[in-house]
Amino acid sequence: MRIKLVHTQRVLAPTIMTLAGFTINPYRGCEFNCSYCYAKSIRIDNKNRDLLGVKINAPEILEKELNYKKIDKVVLGSNCECFTYAEIKFKLTEKILTILNNNRVAYTILTKSHLIGNYLPLIRQNKDNRIFFTFNFSREKIRSFLEEKSPSLENRLAVLERIKQSGIPLRIHIGPFIPYLSDLDEIFFRIKGLTREINIELYHSKTGNFEEVLQKVKDYDYSIAGKIRTVYENRESYRDFSRRLRIQALALNKSYGFKIYFIVPEFDEFYDSRINYENPIF
Ligand code: SF4
């Protein structure tokens, strides 16, 4: 992937997410290139997907912003992956976490990267920091089809074990849960014992590049693409699938005992503030 150094004027961005009032995204675009990415519209150049923006002055700007803004918590990685491969060289996320720790600003990190493993001592410094870690597929072949360059499932499971050992509050994010590709039964089995809390967030077709995803899935298995289209055909078919998913989660959970946050975006609407990550259903 090609890198472009960019200068940003603002680091703390207001958000409608229920997890915090502000987000921080040290990079623009993402090297992992997930087909369903909800954040693709903020790529540095939409025609040129092979370009990652590195906000090289972000730590310096954040320090300045924290001098005059009263912030108690933020979300990291709502529009990018903070622990992307470029982070090994640029260490922007490392500098930002250090600044947030020094200013006692708690953070929730959204990630699917095993590279977070190098940062656990830093993240542990504030007991209110937490990690939401994505594990939404159980089969390597499906992951590599839909997430071109994301870390393997084995690497993710290995770092999840390290996060668990570190004692940092952890929630495993099964999202987006893509019908007929994400398998709840298999995922629960693979993450058993690694966390107490999970999100199950149903794939949001309006925000998640629906046609592009279906095109990819067709190359993987034509019949599955048809089934996914049926789920998203209309409001009723979508509701029906989400109802059945909820019933399945409840039944499975009798053996696992997770605290489950079940998130179903409104059909045919863009991502909005009604999507709540703080209300467990059981
Ligand atoms: S890791 Fe996240 S930000 Fe990066 S492409 Fe995948 S969904 Fe998008």
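Since this is a predicted model, take the numbers as computed values, not measurements. (Residues numbered from 1 in each chain as written. Predicted model: local features only at pLDDT ≥ 70, side-chain atom pairs only at ≥ 80, totals over all residues. Heavy atoms only, no water.)

> Describe the overall build of the protein chain, listing the residues and the values that go with them.
A tally of regular secondary structure across the protein chain gives 10 helices and 11 strands. Relative to the compact-globule value of 19 Å for 282 residues, the protein chain shows a C-alpha radius of gyration of 18 Å, a close match. Projecting the C-alpha coordinates of the protein chain onto the three principal axes gives extents of approximately 50 × 45 × 35 Å. Expressed as a percentage of the 282 residues in the protein chain, the buried residues total 53%. Long-range contacts, defined as pairs at least 24 residues apart, comprise 74% of the intrachain contacts of the protein chain with a sequence gap of at least 6. (Helix = DSSP H or I, 4+ residues; strand = E, 2+ residues; numbered from the N terminus. Rg over C-alpha atoms; globule rule 2.2 N^0.38 Å. Buried < 20%, exposed > 50% of the residue type's maximum accessible area, 1.4 Å probe, protein only. Contact = heavy atoms within 4.5 Å.)

> Kindly report on the side chain of Thr-93, identifying the contributing residues and their values.
Within the secondary structure, Thr-93 is located in helix α3 (residues 92–102). With a relative accessible area of 0%, Thr-93 lands in the buried category. Discounting chain neighbours no more than four positions away, the residues touching Thr-93 are Pro-26, Tyr-27, Cys-82, Phe-83 and Glu-87.

> Run through the packing of helix α7 (residues 184–191) against helix α10 (residues 235–253), naming residues and quoting values.
Running from amino to carboxyl end, α7 crosses α10 at an angle of 35°, the nearest separation of the two axes being 10 Å. For the pair α7 and α10, the sense of crossing is right-handed. Contacts between α7 and α10 involve Leu-184, Asp-185 and Phe-188 from the former and Leu-245, Gln-248, Ala-249, Leu-252 and Asn-253 from the latter. Its residues assigned to classes, the contact of α7 with α10 shows five nonpolar, two polar and one charged. (Axes fitted to C-alpha atoms, helices over the stretch in contact; angles between N-to-C directions. Left-handed = near helix turned anticlockwise from the far one by under 90°. Nonpolar A, V, L, I, M, F, W, Y, C, P; charged D, E, K, R; others polar.)

> Please set out unusual backbone geometry residue by residue, giving values where relevant.
Residue Gly-175 is joined to Pro-176 through a cis peptide bond whose omega torsion reads -5°. Among the secondary structure elements, Pro-176 is positioned in strand β9 (residues 170–177). In this model, Asn-33 sits at a positive phi of 55°, which is unusual for a non-glycine residue. Among the structural elements, Asn-33 can be located in the loop between β4 (27–28) and β5 (51–55).

> Give a detailed account of the pattern of salt bridges, specifying residues and quantitative values.
Applying the stated criterion to the full structure yields 14 salt bridges. A salt bridge links Asp-268 to Lys-206, with the nearest nitrogen and oxygen atoms 3.8 Å apart. Of the two residues, Asp-268 sits in the segment after β11 (259–263) while Lys-206 sits in the loop between β10 (197–202) and α8 (210–220), which places them 62 residues apart along the sequence. Residue Asp-268 is classed as partly exposed on the basis of its relative accessible area, which comes to 44%. Judged by its relative accessible area of 35%, Lys-206 is partly exposed. A salt bridge links Glu-211 to Arg-229, with the shortest nitrogen-to-oxygen separation between them at 3.0 Å. Note that Glu-211 is positioned in helix α8 and Arg-229 in helix α9 (residues 222–231), a separation of 18 residues in sequence. Overall, Glu-211 belongs to the partly exposed group, its relative accessible area being 47%. Exposure remark for Arg-229: the relative accessible area of 35% places this residue in the partly exposed category. (Salt bridge = Lys/Arg side-chain N within 4 Å of Asp/Glu carboxyl O.)

> If you had to explain the sheet that holds strand β6 (residues 73–76) to someone new, which residues and values would you point to?
Strand order in the open sheet formed by eight strands is β2-β3-β6-β7-β8-β9-β10-β11, and the pairing between neighbours is mixed. One side of each edge strand has no neighbouring strand; the edge strands of this open sheet are β2 (13–14) and β11. The pairing of strand β8 (residues 130–134) with β9 spans four bridges and is classified as parallel. From the neighbouring strand, Ile-131 faces β9, where its bridge partner is Leu-170. Packing against the sheet, α7 makes contact with β9, β10 and β11, and its axis sits at approximately 160° to β9. (Pairing = 2+ DSSP bridges.)

> Requested: an account of the sheet that holds β4, with residues and values cited.
Strand pairing in a sheet is mediated by backbone hydrogen bonds. Such pairs are either parallel or antiparallel. Spatial ordering of the open sheet is given by β1-β5-β4, a layout of three strands whose pairing is mixed. Of all the strands in the sheet, the pair left with one neighbour each is β1 (2–6) and β4. Relative to β5, β4 is paired through two bridges, and the arrangement is antiparallel. Among the inter-strand pairings, Arg-28 is bridged to a residue of β5, identified as Gly-53.

> Let's hear about the site of the ligand: which residues, and what values?
Taken together, Cys-30, Phe-32, Asn-33, Cys-34, Cys-37, Cys-80 and Lys-112 make up the full set of residues near the ligand. Of the residues contributing to the shell around the ligand, the split by class is five nonpolar, one polar and one charged. (Near = heavy atom within 4 Å.)

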